[in-house]
Amino acid sequence: MASSSGPALNEELLCSICLGAFTDPVTTPCGHNFCRTCLSECWPNSKTCFCPLCNERFSKRPKLKINTTFREIVQHFKEKLGPGESEVFCDFCGERQQKAVKTCLTCQSSYCDSHLEPHHRVPRLKKHTLINAVENLEDYICQKHERPLELFCRDDQTCVCLSCTEGEHRAHNTVPIEEESQDKKNQLVQTQTDVHQMIQDRMNKIQEIQHSVELRKRNTEESVEIFTDLIRSIKKCQSKELKMLEEQQKAAEKQAEDLIKELDQEITELKRRNTELEQLSHTDDHLHLIQMSSSLNTRPHTKNWTEIRIDSDVNVNSLYRALTELKKTLDETLNEKLSQTGLKFVQTFAVDVTLDPDTAHPRLILSDDGKQVSGGDIEQDVPENPKRFNQGLRVLAKQGFSSGRFYYEVQVKGKTEWTLGVARESINRKKAIWLRPEDGYWTVALRNENQYKACERSPVSLSLRVKPEKFGVFVDYEEGLVSFYDVESRSHIYSFTGQTFTDKLYPYFGPGLKDEGKNSNPLIITPVR
């Protein structure tokens, strides 16, 4: 636990638990700093972990590491300010020396409370420069003129006395040492603020990485579940087709068995007839021969077996059609599930988007909350602004992004024309321009009520099964990706891939002309749910 380092130490460098200078400072997830020992004593067990300053509770005991940069800043202050409790003794006490409370730079002596009293009473002594008692008095005195170092030369970055300003530092920029000290202190405070922000940024990055890993884990589990279901469906279909083949084989075997039985019966009958004919051909009984020949000379009544056969080939065409139908079903199921999983993933990067009136074309009408835009009949009287579009009914969002991922959703219900996407900051806003990536636009558009297209260099027609009522727009800056989704059906519509972004990107909205009231509905930025 820290010990006091004197009243001169900045409050920002004092632990709010022990009220002393930080010893081995650590930072909680909420951004507050404490001595490591102090915080450990506040957390006797892992069930009651909370910030002693703002009372924010943590679900599990944070892993705390010493903030080495912050510790060095505290140590730097300690070295600059010196010990708070004086070990300097009064220069005017007798045998029982009292500890000095002040050092007079003018007298170049240290005083206890009693011997300091004249400096508070005598007018001439009141003008002397007093500081907290110090041992190294020579550090505060000009070695050349033996006068107090009361000024700071900013040209030479050194402390000087009043006599120095009459000599070699005459034309230099000098200020009272208290003023320079305050400036240095402000710089250190700013450095501390910057360091603290760096710490917070890195803690946020840790949380972002942990969140991404957890999100990837959930998406992996969902993907495994999807493929498990597909494999189960394939096995089910496979079992069905195999069962069908087995049943067809059994039917063929039964048919063959019946046919063979019938053929055996005919063969037996034919053999009997053949025996009778053989006997009759050798008889000497002419009368019997004549009587029997009329019945035996006729051809036996048997089935015509010429066209009767057992098909030895499996019905491959039927099987192929079944497998094709299965593949189509599986593809549709897979695409649907993957689209749903993909949309669920990108929705985690939702940002709050509001329209920027400084960029809106004069004929556009924006809602007070900056969430809706529609085309108007007349141009409004708006201030001239270099950011404002003069050509085309267009408006950008206030929020721009130069890294990472972001996602937002827009309701387009009831409209016959619109354009949505993102645009780079450096686009030309004062003349008509093609909506294509080469000119800084990555958009999809609706024209003539049902003609959807992706605005590539050569526009790509989009065939959509249903008319989307709400569009989702996702951007991965580093990957060069801009994707569009139908939120209601949770399906992917189109993606610009392999792009290179260098400017800041802004969400882009084009509600289109009113078209005699047919396209009067606004584009509405909606919350992501």
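Above this note sits the structure.
Residues numbered from 1 in each chain as written. Predicted model: local features only at pLDDT ≥ 70, side-chain atom pairs only at ≥ 80, totals over all residues. Heavy atoms only, no water.

(A) Highlighting the environment of Asn173. As for its placement among the helices and strands, Asn173 is situated in the loop between strand S7 (158–160) and strand S8 (174–176). Asn173 sits in the partly exposed class, given a relative accessible area of 38%. Once the C-alpha coordinates of Asn173 and Phe152 are considered, the two residues, 21 residues apart in sequence, prove to be 8.3 Å apart. With residues up to four places along the chain from it excluded, the contact list for Asn173 reads Phe152, Cys153, Arg154 and Asp155. (Helix = DSSP H or I, 4+ residues; strand = E, 2+ residues; numbered from the N terminus. Buried < 20%, exposed > 50% of the residue type's maximum accessible area, 1.4 Å probe, protein only. Contact = heavy atoms within 4.5 Å.)

(B) Local environment of the nonpolar core. Counting residues in each nonpolar core, the largest one holds 36 residues, and the members touching the most others are Trp418, Leu420, Phe471, Val482, Phe509 and Leu523. Excluding its chain neighbours within four sequence positions, the residues that come into contact with Leu420 are Val410, Val412, Trp442, Thr443, Val444, Phe471, Phe484, Tyr508, Phe509 and Leu523. (Core = buried A, V, L, I, M, F, W, Y, C linked by side-chain atoms within 4.5 Å.)

(C) Geometry of the side chain of Asp356. Within the fold, Asp356 resides in the loop between helix H7 (316–346) and strand S9 (364–366). A relative accessible area of 9% means that Asp356 is categorised as buried. At 3.3 Å, the side chain of Asp356 and the side chain of Lys387 are in polar contact. The residues contacting Asp356, other than those within four sequence positions of it, are Leu366, Lys387, Val395, Leu396, Ala397 and Lys398. (Polar contact = N/O pair within 3.5 Å; in protein donor to acceptor, adjacent residues only side chain to side chain.)

(D) The packing of aromatic side chains, seen in detail. If you walk through the whole model with that rule in mind, you get 13 aromatic pairs. Look at Trp418 and Phe471: their rings are 4.8 Å apart centre to centre, the planes differ by 65°, and that puts the pair in the edge-to-face class. One end of the pair, Trp418, is in strand S13 (residues 418–424); the other, Phe471, is in strand S17 (residues 470–476), and 53 residues separate them in sequence. Each member of the pair, Trp418 as well as Phe471, is classed as buried. Taking 5.3 Å as the distance between ring centres and 80° as the angle between the ring planes, the aromatic pair formed by Tyr494 and Phe496 counts as edge-to-face. Under the relative-accessibility criterion, Tyr494 is labelled buried at 15%. Taking relative accessible area as the criterion, Phe496 reaches 0% and is therefore assigned buried. Of the aromatic side chains, those joined through ring pairs into one cluster are Phe345, Phe349 and Phe474. The positively charged end of Arg429 is found above the aromatic ring belonging to Phe389, 5.8 Å away from the centroid. (Phe/Tyr/Trp six-rings, centres within 6.5 Å; stacked < 30°, edge-to-face > 60°. Lys NZ or Arg CZ within 6 Å of the ring centre and 35° of its normal.)

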